[in-house]
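These are the residues of each chain, in order.
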Amino acid sequence: MKVCMIGTGYVGLVSGTCFAEIGHNVICVDNDERKIEILKKGKIPIYEPGLLPLVQKNVSAGRLNFSTSINEGVRASLFVFIAVGTPPKESGEPDLSSIENVAREIGEAMEDYKIVVEKSTVPVQTGKWIRTVIERFNKKGIPFDVASNPEFLREGSAINDFLRPDRIVLGVETEKAKQKLLELYEPINAPKIITDLASAELIKHASNSFLSMKISFINALSIICEKSGADIIKVAEGIGLDKRIGRDFLNAGVGFGGFCFPKDLKAFIGIAQKLGYDFRLLKEVERINEEQMRRVVKKLEDLLWNLKDKQIGILGLSFKPNTDDMRFAPSLTIIAELKKQGTTIRAYDPVAMENAKGLMPDITYCNNAYEVAENADAIVLVTEWDEFKNLDLKKLKQKMHQPVFLDGRNMFDKQKMKELGFIYTGIGR
Ligand code: UGA
């Protein structure tokens with residue numbers, strides 16, 4: 001089947017490539033000429049494990065093409081997926097102007113029946129607007145359907161999440177769109193949930209909000225654990241083994257980040273407000289998360305007394321491992337707070353340092369964890385990269401000025417760290 005994917009960000013590029021991988025003919029479109037240039041040269045503009053070989057394989061097989069022209073993409077395809085960015089405005093509301101522009105161009109380009117599918121995360125009722133805009137600019141009155149097919153892939157494991165998902169959600173308005181979408185996804189073995197447009201849109205925001213809520217719940221619980229002498233890891237295991245709760249997304253840490261949870265949470269609170277409901281539960285999820293990042297400073301004060309002129313080493317900068325994505329990364333808030341206290345910062349991340357340099361030009365970037373430890377008064381592990389699991393901890397400690405280790409992701413064994421002579425603390429233990 002013929003697919004046009006508009007937008008080559010994480011969602012668009014991974015989805016387009018995976019549609020090609022399951023045998024469809026895909027044209028990925030982006031108005032960013034630089035990105036399309038990179039893709040045409042057989043490279044990719046983002047870091048995502050396993051994506052590059054998959055892109056190269058499908059380009060060689062002739063199933064994956066790139067273009068800067070929406071017109072070309074739309075005319076060549078039955079499905080037109082919209083996967084453009086919906087960044088937050090200052091108010092926290094998503095900026096949907098790119099979606100509107102794309103819908104207009106689709107309307108103008110259409111010459112025969114199309115199924116226009118929302119893939120970007122959008123507020124409920126966006127589908128209605130997409131329909132209205134296409135109708136206005138599709139002067140020849142060509143028939144089309146609008147559908148919603150939210151994406152649940154995670155950065156770092158995006159390909160697996162796309163090809164082996166827990167479920168596929170298809171929000172449709174007609175039997176024809178439903179049958180065609182089912183055919184498109186036929187090669188993927190997963191439960192397929194058929195809904196109306198609004199429900200599909202809501203499922204995406206509700207899923208991300210629920211997962212954020214789980215994280216804030218466990219982070220709030222981590223404070224109780226610290227004050228009562230309990231261990232959050234055992235508590236998470238104990239509650240997570242109840243199938244109704246589930247162990248996933250119950251890892252206490254320095255807070256959640258990335259371009260999805262913080263943004264979607266804000267957007268969902270905003271949508272609820274517009275619909276006349278004050279979603280206070282989610283406001284609290286947000287507040288707990290912000291507080292959790294700031295608690296790192298408090299914890300360091302408990303360990304080091306005065307922070308002024310202290311040297312703090314940061315391990316990991318990306319918002320989670322296996323990505324170079326720095327958007328809304330907890331490291332940004334933590335480092336900003338630490339700098340306010342007059343500390344100097346040395347940091348290392350296996351892949352995110354190039355992106356971090358643009359956002360934090362005034363900290364020292366190191367070549368590895370041992371350089372970070374050089375003369376450090378404390379180390380804070382912010383992102384749990386696998387690489388850190390294999391550190392020579394004795395060597396790390398020897399390089400430090402004071403052996404204070406704040407494990408923001410509970411990566412290390414508490415007892416072992418103490419035996420090695422670290423003044424060690426985690427989150428909620
Ligand atoms: C998230 C969702 O998990 C995807 O299902 C969704 O498709 C995606 O957003 C999206 O809307 O596009 P992602 O942002 O890639 O995916 O990352 P997650 O793996 O969900 O992690 C988000 C944040 O939560 C990270 O900062 C991570 O460190 C934190 N986290 C996660 C915790 O602090 N504790 C946990 O137990 C799990």
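For the structure given in this document, a descriptive report is provided here. All residue numbers here refer to positions counted from 1 along the written sequence of the relevant chain. Reporting of local features is limited, given that this is a predicted model, to residues whose pLDDT is at least 70; pairs of side-chain atoms are given and counted only at 80 or more, and all residues count toward the totals for whole chains, interfaces and linings. To obtain the side-chain values, all non-hydrogen atoms of the structure were included, while hydrogens and water were left out.

## Quick look at the sheet that holds strand β12 (residues 378-381)
Consider a sheet: its strands pair through backbone hydrogen bonds, and that pairing is either parallel or antiparallel.
Logical step 1: The six strands are arranged β11-β10-β9-β12-β13-β14 in an open sheet whose pairing can be described as parallel. Across the chains shown, the open sheet's two edge strands, defined by having one partner strand only, are β11 (364-365) and β14 (423-425).
Logical step 2: As paired strands, strand β9 (residues 311-315) and β12 are joined by four bridges and run parallel to one another. The residue bridging Gly313 from the neighbouring strand is Ile379, located in β12. By this definition, two strands are paired if DSSP reports at least two bridges between them. For the purposes of this entry, the term helix denotes a DSSP run of H or I that reaches at least four residues, the term strand denotes a run of E that reaches at least two, and both are numbered from the N terminus.

## Side note on the site of the ligand
Logical step 1: Proximity criterion: a residue is near a molecule or strand once any of its heavy atoms comes within 4 Å of it. Around the ligand there are 19 residues in total, and Phe152, Leu153, Glu155, Lys204 and Asn208 lie nearest to it.
Logical step 2: Polar contact is the term for a pair of N or O atoms within 3.5 Å; when the atoms are in protein, one must be able to donate a hydrogen and the other to accept it, and sequence-neighboring residues count only if both atoms are side-chain atoms. The contact in question runs from an oxygen atom of the ligand to an N or O atom on the backbone of Asn251, over 2.9 Å.
Logical step 3: Backbone polar atom of Phe319 to an oxygen atom of the ligand: 2.9 Å apart, as the coordinates give it.
Logical step 4: Protein chains shield 92% of the accessible area of the ligand, which is 710 Å² for the free molecule.
Logical step 5: Elements with a contribution of two residues or more to the shell around the ligand: α9 (197-228) and α11 (261-274). Areas reported as accessible are Shrake-Rupley estimates using a 1.4 Å probe. Residue values count occlusion only from the protein chains shown.

## So, the nonpolar core
Logical step 1: By size, the foremost hydrophobic cluster in this structure holds 51 residues, and its most contacted members are Leu300, Ile312, Ile314, Leu317, Leu338, Leu396 and Phe405.
Logical step 2: The residues touching Ile314, leaving out its near neighbours within four places in the chain, are Ile335, Leu338, Ile345, Arg346, Ala347, Tyr348, Val372, Val380 and Val382.
Logical step 3: We define the nonpolar core as a collection of buried residues of types Ala, Val, Leu, Ile, Met, Phe, Trp, Tyr and Cys that are connected through side-chain atoms lying within 4.5 Å of one another. For every residue, the accessible area obtained with a 1.4 Å probe (protein chains only) is divided by the maximum for its type, and the residue is called buried under 20%, exposed over 50%, and partly exposed between those limits. Leu13, Cys18, Ile36 and Phe79 belong to the second largest nonpolar core, which has 42 residues in total. Contacts are assigned to residue pairs with any non-hydrogen atoms lying within 4.5 Å of each other.

## Things to note about the packing of aromatic side chains
Logical step 1: Any two rings among Phe, Tyr and Trp, with Trp reduced to its six-membered ring, count as a pair given centres within 6.5 Å; such a pair is stacked if its planes are under 30 degrees apart, edge-to-face if over 60, and tilted if neither. Summed over the entire model, instances satisfying the criterion amount to 14 aromatic pairs.
Logical step 2: Look at Phe19 and Phe81: their rings are 5.1 Å apart centre to centre, the planes differ by 40°, and that puts the pair in the tilted class. Pair noted here: Phe19 is in helix α1 (residues 10-21) and Phe81 is in strand β4 (residues 79-82), with a separation of 62 residues, a long-range link.
Logical step 3: In this structure Phe19 comes out as buried when scored by relative accessible area, which is 0%.
Logical step 4: Given the relative accessible area of 0%, Phe81 is considered buried.
Logical step 5: Plain terms: the ring middles of Phe19 and Phe162 are 5.3 Å apart, the flat faces sit at 85° to each other, and that makes the pair edge-to-face.

The values are spatial; any link to function lies outside them.
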